[in-house]
Amino acid sequence: MAALEASFTIHRGYEAADPDAFVASLAGRVRGIAAGLQTPVDRALIEHLPKVEIIASFGVGYDPIDVKAAAERGIVVTNTPDVLTEEVADTGIGLLLMTVREFSASERYLREGRWVKEGPYRLTPATLRNRTVGIVGLGRIGMAIARRLEAMLVPVVYHNRNPRSDVKYRHYPDLKQMAADVDTIIVVLPGGAATRNAVDAEVLKALGPNGILINIGRGSVVDEPALIEALQKGTILATGLDVFAKEPQVPAELLALPNAVLLPHVASASLYTRDAMGQLVVDNLKSWFADGKPITPVAETPWPR
Ligand code: NAP
Ligand code: 8YV
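What counts and what doesn't
- For every chain, the first residue of the written sequence is number 1, and numbering continues from 1 onward in sequence order.
- Here chains are named by letter from A upward and ligands by number from 1 upward, in the order in which they appear as written.
- Where local features are concerned, this predicted model is filtered to residues with pLDDT of at least 70; where side-chain atom pairs are given and counted, the filter is 80 or more; whole-chain, interface and lining totals use all residues.
- Each side-chain value is worked out from all heavy atoms of the structure, with water and hydrogens disregarded.
- A cavity here means a set of 1 Å grid points, computed over protein atoms only, where a 1.4 Å probe fits but cannot escape. A pocket is an open set with protein on both sides within 12 Å along at least 5 of 7 lines, and lining residues have an atom within 4 Å of a point.
- Grid points are joined across faces, edges and corners, and a volume is the space filled by probe spheres set on the points.
- Each residue gets one label: Ala, Val, Leu, Ile, Met, Phe, Trp, Tyr, Cys and Pro are nonpolar, Asp, Glu, Lys and Arg are charged, and the others, such as Gly, are polar.
- We call a residue near a molecule or strand when any one of its heavy atoms sits within 4 Å of it.
- Within 3.5 Å is the distance limit for a polar contact, defined as a pair of N or O atoms, with the added protein rule that one can donate a hydrogen and the other accept it, and that residues adjacent in sequence qualify only through two side-chain atoms.
- Note on areas: these come from Shrake-Rupley sampling with a 1.4 Å probe, and a residue is covered only by the protein chains present in the view.
- Residues enter a patch when their relative accessible area is above 30% and they make no salt bridge; the linking distance is 9 Å between like charges and 5 Å between nonpolar side chains (Val, Leu, Ile, Met, Phe, Trp, Tyr).
- Salt bridge, as used here, is a side-chain nitrogen of Lys or Arg placed within 4 Å of a carboxyl oxygen of Asp or Glu.
- Elements are defined by DSSP. Helices are runs of H or I of four residues or more, strands are runs of E of two residues or more, and each kind is numbered from the N terminus.
- Each residue's exposure class comes from its accessible area (1.4 Å probe, protein chains only) as a fraction of the maximum for that residue type: buried when under 20%, exposed when over 50%, partly exposed otherwise.

Draft legend 1. Focus on empty space enclosed by the protein. Summed over the entire model, instances satisfying the criterion amount to one cavity of 30 Å³ or more. In this structure, the largest cavity occupies an estimated 30 Å³ of space. Together, Asn215, Gly219, Val222, Glu224, Leu227, Leu241 and Val243 line the largest cavity. Classifying every residue of the lining of the largest cavity by side-chain character gives four nonpolar, two polar and one charged.

Now the structure itself:
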């Protein structure tokens, strides 16, 4: 915010008591939007702000922004790729280990004094040592996770719409087929209509009773009620989630499950990485208004047009 204030006149939509009156009062003046994940920029908002030239989003995923509506009006949308990749991959591996080896449950066991009273924590039924990981979304973050898994001697395969020519990992055009062949899935897909409920009851059934599902992509990619049922019935073994269907709400059924490790969307949430993301938002806006060039435009609003 300090860097934005140094270069621009800022109007804080997130502080407005009456958002509609706020937007109406600025309609003829606002030329750029700095948007967070919690700030949907839908078609109605875009149409109410006809002078907007750029929407600079804080985050690599930009599913809350109606990029089609922006493209139709010649508005460029930017995101924050790369600067968060390694942090999010670290979190993905951390969440995988927490889930497979039950680290949060065993820490609770220690803090509750049960190690002293009851003896050692149980041997975990799961290990990474005999697992194969299927990455759903082998893009920037998926690749950073795959590199880490290779160093950990864990075999990797993946599901994307398009096979990559720069990797030796097996590509599965069909997600259900991949789920049947592996025991661990890490979801790193973008949100939005194309990926909604891509991990459904059938995929979970194919993953099987030893199966572990990690999701650090978007909550909308996993059919949450189907996942809850699969965990309750033992259709799969466990899950580790950083993202949820209706954040910050997490269903009570998930909270009650011992075989679910739940994080509050923290994959990129270090000061270091959030600062880099914020800087890229500022740099996109400054570059646009100084030189007419966005630094990291999204695919739907390419630059030059
Ligand atoms: P990216 O480089 O664009 O990678 C996305 C990958 O998903 C690509 O390999 C793409 O391959 C694949 N993909 C896209 N749509 C697909 C579909 N319909 N079916 C199958 N595969 C599909 O993006 P990234 O930088 O790695 O980020 C990925 C996502 O992670 C973001 O969009 C965001 O939602 C999420 N994320 C979450 C956090 C967090 O805090 N939890 C932080 C950062 C990012 P193809 O095009 O070949 O299909
Ligand atoms: C968010 C994320 O940016 O980059 C993404 O797609 O999901 C996160 O890094 C973060 O939650 C801030 O809203």
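From this point, the discussion proceeds with the structure in view.
Draft legend 2. Main features of the site of ligand 2. Near ligand 2, the surroundings consist of Leu37, Gln38, Phe58, Gly59, Val60, Gly61, Leu84, Arg218, His265, Ser268, Arg274 and Met277. With respect to ligand 2, the backbone of Val60 contributes an N or O atom lying 2.8 Å from an oxygen atom. In this structure, Gly61 approaches ligand 2 through a main-chain N or O atom, which is 2.8 Å from an oxygen atom. Protein coverage of the free-state accessible area of ligand 2, which is 330 Å², stands at 90%. In terms of residue class, the shell around ligand 2 is made up of five nonpolar, five polar and two charged.

Draft legend 3. View of a nonpolar patch on the surface. There is a patch of nonpolar side chains on the surface, built from Leu110, Trp115 and Val116 and spanning about 380 Å² of accessible area. With respect to the helices, strands and loops of the structure, Trp115 is situated in helix α7 (residues 114–118). Overall, Trp115 belongs to the exposed group, its relative accessible area being 54%.

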